[in-house]
Amino acid sequence: MGHVKLGLVGYPVEHSLSPRMQQAAMAHLGISGEYLLLPTKPAELPARLREVAANYAGVNVTVPYKRSVMDLLDDVSEDARKIGAVNTIVNEDGYLRGYNTDAAGFYWSLKRHNVLPGEALVLGAGGAARAVVYALVEKGWLVGVANRTLARAEELAQQLGAWLVAPAKLEKAVRRTPLLINATSVGLEDGASSPLPPGVLPEAGVVVDLVYSPLRTKLLADAAAAGLETIDGLQMLLGQGMRSFELWTGRKAPLEVMERALGKVV
Ligand code: NAP
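Please read these numbers as outputs of a predicted model, since none were measured by experiment.

### A short note on the site of the ligand
Around the ligand there are 20 residues in total, and Ala 128, Asn 147, Thr 149, Arg 152 and Gly 233 lie nearest to it. Here an oxygen atom of the ligand sits 3.1 Å away from a polar atom, N or O, in the main chain of Gly 127. Contact distances for the ligand include 3.0 Å between a nitrogen atom and a backbone N or O atom of Leu 210. Computed on the free molecule, the ligand has an accessible area of 930 Å², of which 73% lies beneath the protein chains in the complex. Within the residue set of the shell around the ligand, elements represented by two or more residues are helix H5 (127–138) and helix H9 (233–249). No other element matches H9, which puts three residues into the shell around the ligand.

### As for the nonpolar core
What tends to happen in soluble globular proteins is that the nonpolar side chains get buried as a cluster. Core analysis: the biggest nonpolar cluster contains 33 residues, and Phe 106, Leu 110, Leu 136 and Ile 181 have the highest contact counts within it. The biggest single contributor to this core is H5, with seven residues. Not counting chain neighbours up to four residues away, the residues in contact with Phe 106 comprise Val 132, Ala 135, Leu 136, Ile 181, Val 208, Leu 210 and Met 236. Residues Met 21, Leu 238, Ala 253 and Leu 262 belong to the second largest nonpolar core, which totals 22 residues.

### Describing the pairing of strand E1 (residues 4–10)
E1 sits mainly inside the fold: six of its seven residues count as buried. Direction of pairing for E1 relative to strand E2 (residues 33–39): parallel, over a ladder of seven bridges. Within E2, the position partnered with Val 4 by the bridge is Gly 33. Traced from E1 through helix H1 (residues 18–28) to E2, the parallel crossover comes out right-handed.

### Digging into the sheet that holds strand E6 (residues 95–99)
Strand order in the open sheet made by the six strands is E2-E1-E3-E5-E6-E4, with mixed pairing throughout. Of all strands in the sheet, those bounded by a partner on one side alone are E2 and strand E4 (75–76). Running at roughly 165° to E2, H1 makes contact with E1, E2 and strand E3 (58–61) of the sheet.

### Here's the deal with the pairing of strand E8 (residues 142–146)
By the criterion of burial, E8 is predominantly enclosed, with four of the five residues buried. Where strand E7 (residues 119–123) meets E8, five bridges bridge the pair, whose relative direction is parallel. Bridged to Leu 123 within E8 is Ala 146. The β-α-β motif built from E7, the intervening H5 and the parallel element E8 has right-handed crossover chirality. By the bridge criterion, two bridges tie E8 to strand E9 (residues 163–164) in an arrangement that is parallel. Bridge pairing in E9 places Gly 144 opposite Trp 163. Taken together, E8, helix H6 (residues 150–160) and E9 constitute a β-α-β crossover, and its handedness is right-handed.

Conventions used here
- Note that residues are indexed from 1 along each chain, following the sequence as it is written.
- The model is predicted, so local features are restricted to residues of pLDDT at least 70 and side-chain atom pairs to those at 80 or more, both for listing and for counting; the totals for chains, interfaces and linings are taken over all residues.
- Water and hydrogen atoms play no part in the side-chain values, which are based on all heavy atoms of the structure.
- We define proximity as follows: a residue is near a molecule or strand when any one of its heavy atoms falls within 4 Å of that partner.
- Residues adjacent in sequence count toward polar contacts only when both atoms are side-chain atoms; beyond that, a polar contact is any pair of N or O atoms within 3.5 Å, and within protein one must be able to donate a hydrogen and the other to accept it.
- Accessible areas in this description were obtained via Shrake-Rupley with a 1.4 Å probe; residue shielding takes into account the shown protein chains only.
- Here a helix means four or more residues in a row that DSSP labels H or I, a strand means two or more in a row labelled E, and each is numbered from the N terminus.
- Note on terminology: a nonpolar core comprises buried Ala, Val, Leu, Ile, Met, Phe, Trp, Tyr and Cys residues joined through side-chain atoms within 4.5 Å.
- Burial classification: accessible surface area is computed with a 1.4 Å probe over protein chains only, and a residue below 20% of its type maximum counts as buried, one above 50% as exposed, and the rest as partly exposed.
- Any pair of residues with heavy atoms lying within 4.5 Å of one another is described as a contacting pair.
- We treat two strands as partners when DSSP finds at least two bridges between them.
- Consider the strands pointing away from the viewer: the crossover is right-handed when the path from the first strand over the helix to the second runs clockwise.
- The axes used here are C-alpha line fits, helices contributing only the stretch in contact, and every angle between their N-to-C directions lies in the interval 0 to 180 degrees.

Given below as structure tokens:
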């Protein structure tokens, strides 16, 4: 394998933890390469992809292009098409193929924590929620979805085979779910806000927050204080990063090395 050039296309990208995670993995396996931040304004996206096709082994894609980039690729995997979002592009001799590794990365994080299949409740209806719901439904879970904007939850539920949880039923659904996942951005850079009403938590089980900044969100702190098991947002980040690394390099991702690289900065 020659020099492996990778990067992150989005706007903004400077706070990303992916460079250190991916660079640590390459270094550990003796792969010569780099993972660059590629801040890209909307008008620059087509040119950026031509540059990727010419010079990069692949890239990650983040906000705000996970959906819009799909039209500019040569091919999009079935998973990514159904989810409606691409977070990883692989360059095969100038042919750009889009994948979604968020879904598999999320599911990996559940398996890693020995969460057994069953029922789940997902809060949110954006790109992250779609990846999570897709992953769970694919594996046979019964999934409820709730969202601030009901119409988005309705669309997601219908397209991906989940149940719609109406606002009036949310508290009851939360209390009885064995697995609650926050896929909204509530709590992001805000340690005081939770996506749940005060005093409402699952009675037992696992609470996952996809937000990883801060790592210990109010939701996870409340859940831990109530004796629930918690899984933080770095676990999905790690899972998606490992899958992306494997798609680009064909090598098995070094889990501990990548996790340590993330841990150093949080
Ligand atoms: P997105 O497409 O913009 O969706 C945002 C979601 O949050 C929508 O459902 C939105 O509801 C909801 N929301 C935003 N502000 C809210 C508020 N004040 N009250 C209630 N709901 C609110 O974003 P995304 O890409 O899905 O990302 C969602 C979160 O997941 C982000 O915090 C992101 O950092 C995190 N994430 C983590 C990973 C990981 O690897 N750990 C991967 C992807 C994303 P409406 O539909 O009503 O607007």
